[in-house]
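Structural overview
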Amino acid sequence: MSMGRLLIGNRRYSSWSLRGWLLVRLAGLEVTETLIPLSEGATQALADATPTGLVPYLEHDGARIWESLSIAEYAAEHNPALWPADRVARAHARSISAEMHAGFRALRQAMPMNLCRSFPGRGRTPEVLADIARIETIWSETGSEGPFLYGANFGAADAMFAPVVARFLTYGVELSEPAASYCAAVRAHPLVDEWYRGAAEEPAAWLLEKYET
Ligand SMILES: N[C@@H](CCC(=O)N[C@@H](CS)C(=O)NCC(=O)O)C(=O)O
């Protein structure tokens, strides 16, 4: 039985929606999904439907949750295993998730998410390369033996970085072997794969020129 709703944008483009959707699914929250295709014409619909005019937005069992990091914390209340059990690892996971939420603007602007295209070589400004280097450092400091950031299970930090992985794949970013293996594991995760398949099925009418050319 649905206990609320999750508003998302296009699977193909909406990186924040991917994070929220993964977290809700990993927590097993029963909600109805509503997709509002992103376009200039969607601004009013988004403003009417959400507190910030942005997706993802979750309503669940009387709670209203916006901002992806808040959705991560709410999801972890229902599935505490989304954060590492170890206190020190958990502090690290929360820190890198917050760093992702607040930062990496150069990467996000120069390499917008498009799950259905391949743009190898594009977007490598010095600022983007610095973001990539920082992300590789973060990933190497988790102490995990893989395949995910904090061990065998795909957790909240993996959800926060899944759209980064998607960008690295779309833009053919050259990575160290451990980072490349991590990206392959994230891409192969059943929920990530389900989202990619949904993206591939979206109608041509939802394509946005600015992300396709
Ligand atoms: N800080 C927000 C960012 C959410 C965000 O920027 N969402 C984008 C889609 S990825 C959006 O709703 N954009 C509205 C639009 O394109 O009209 C979060 O963490 O959820």
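Provided above is the structure to which this section pertains.
Here's a quick rundown of the structure. Values in this document were obtained by computation on a predicted structure and should not be read as measured data. (Residues numbered from 1 in each chain as written. Predicted model: local features only at pLDDT ≥ 70, side-chain atom pairs only at ≥ 80, totals over all residues. Heavy atoms only, no water.)

**Thoughts on unusual backbone geometry**
Stated formally: Helix and strand assignments follow DSSP, with helices taken as H or I runs no shorter than four residues and strands as E runs no shorter than two, numbered in order from the N terminus.
With an omega dihedral of 10°, the bond running from valine 55 to proline 56 counts as a cis peptide bond. In this fold, proline 56 is placed in the loop between helix 2 (43–49) and strand 3 (57–60). Here glycine 146 and proline 147 are connected by a cis peptide whose omega angle stands at 5°. For proline 147, the position within the fold is in the loop between helix 6 (126–140) and helix 7 (156–170). One non-glycine residue, glutamate 67, adopts positive backbone phi at about 75°. Assignment of secondary structure puts glutamate 67 in the loop between strand 4 (63–66) and helix 3 (68–78). With a phi close to 55°, phenylalanine 104 is a non-glycine residue in the positive phi region.

**Considering the pairing of strand 4**
Threshold: In short, DSSP must find at least two bridges between two strands for them to pair.
Pairing of strand 3 with strand 4 involves four bridges; the strand directions are antiparallel. Bridge pairing links glutamate 59 to arginine 64 in strand 4. Here strand 3 folds back onto strand 4 in antiparallel fashion, the turn holding two residues, of which aspartate 61 has a positive phi close to 50°.

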